[in-house]
Amino acid sequence: MKNMRTIDTFVRVFILLIILPIFATSVPIGPLHFMTVSGNSMEPAITANDIVVVVPSITQPAVGDIITYRHHFQSDEGSTITHRVVRVVKEGYITKGDANEVPDGVVAPEDVIGIMVFKIPFIGALVHFARTPIGYLTIVIFPSIILIIHEIRVIARLL
């Protein structure tokens, strides 16, 4: 019986700390967007191992706010960037990474995804790892197989 409680606790912790952040960064959840950080332009405030939580409904940032916005390159490619607002101009917002020397260009208001409300440190590294083939096997497939085997054994004992 004690062994069952230990496994149940492990499963709950595993889901809360590992599966939930991976899922949350893949699928928008309600009024919040969870986004993994992949660069170091905002260090030390935000590192590449963090997850930032952005509220999309707040799209009128002030100087000092950290925003996430869509950046458009010359090609059709685009990406999201999380930087601090350093100046508000009539065309939009001038942003800059805390670790960068030079400000970015003007961010149009329609490109602002939202304002960061908090960060979850270190979990981003796990999310990045989970998106690799070995990480997916290690964090998703193998634990799922173990849980399925465990549940089959529990059901077999009940029969």
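Structural data are supplied above this passage.
Notes on the structure follow.

Concerning unusual backbone geometry
Working step 1: Following Glu-43, the chain continues into Pro-44 via a peptide bond in cis, with omega recorded as 5 degrees.
Working step 2: Following the sequence through the fold, Pro-44 ends up in the loop between strand E1 (33-36) and strand E2 (51-55).
Working step 3: Unlike most non-glycine residues, Phe-122 shows phi in positive territory, near 75 degrees.
Working step 4: In this fold, Phe-122 is placed in the loop between strand E7 (112-120) and helix H2 (123-130).
Working step 5: On the basis of relative accessible area, Phe-122 is assigned to the exposed category, the value being 64%.

Observations regarding the sheet that holds E2
Working step 1: Pairing is antiparallel in the open sheet, where seven strands are placed in the order E1-E2-E7-E3-E4-E5-E6. Because the sheet does not close on itself, it has two edges, and the strands there are E1 and strand E6 (106-107).
Working step 2: Relative to strand E4 (residues 78-89), strand E3 (residues 66-72) runs antiparallel, the two sharing seven bridges. Within E4, the residue paired with His-71 across the bridge is Ser-79.

As for a nonpolar patch on the surface
Working step 1: Side chains of Leu-137, Phe-142, Ile-145 and Ile-149 sit close together on the surface and give an oily, nonpolar patch of about 360 Å² of accessible area.
Working step 2: Within the element layout of this structure, Phe-142 appears in helix H3 (residues 133-158).

Looking at the pairing of E4
Working step 1: Alignment of E4 against strand E5 (residues 92-96), held across five bridges, turns out to be antiparallel. What sits directly across from Arg-87, in E5, is Ile-94.
Working step 2: Adjacent in sequence and paired antiparallel, E4 and E5 are bridged by two residues.

Concerning the pairing of E5
Working step 1: The buried fraction of E5 is high, at four of five residues.
Working step 2: Of the pairings in the sheet, the one linking E5 to E6 comprises two bridges and is antiparallel in character. If you follow Ile-94 over to E6, its bridge partner there is Val-106.

So, how was this worked out
Sequence order as written defines residue numbering, which begins from 1 separately in each chain. Whole-chain, interface and lining totals are the exception, using all residues; otherwise, since this is a predicted model, local features are given only for residues with pLDDT of at least 70 and side-chain atom pairs are given and counted only at 80 or more. Heavy atoms from the whole structure form the basis of all side-chain values; hydrogens and water molecules are not counted. Numbering goes from the N terminus for both helices and strands, where a helix is a DSSP run of H or I of at least four residues and a strand is a run of E of at least two. The rule is simple: take the accessible area with a 1.4 Å probe, protein chains only, and divide by the maximum for that residue type; under 20% is buried, over 50% is exposed, in between is partly exposed. Strand pairing is assigned whenever DSSP detects at least two bridges linking the two strands. The patches described consist of residues with a relative accessible area above 30% and no salt bridge, like charges being joined within 9 Å and nonpolar side chains (Val, Leu, Ile, Met, Phe, Trp, Tyr) within 5 Å. Reported accessibility uses the Shrake-Rupley method at a 1.4 Å probe radius. Residues are deemed covered only where the shown protein chains occlude them. Within this document, salt bridges are pairs made up of a side-chain nitrogen of Lys or Arg and a carboxyl oxygen of Asp or Glu, the two lying within 4 Å of each other.

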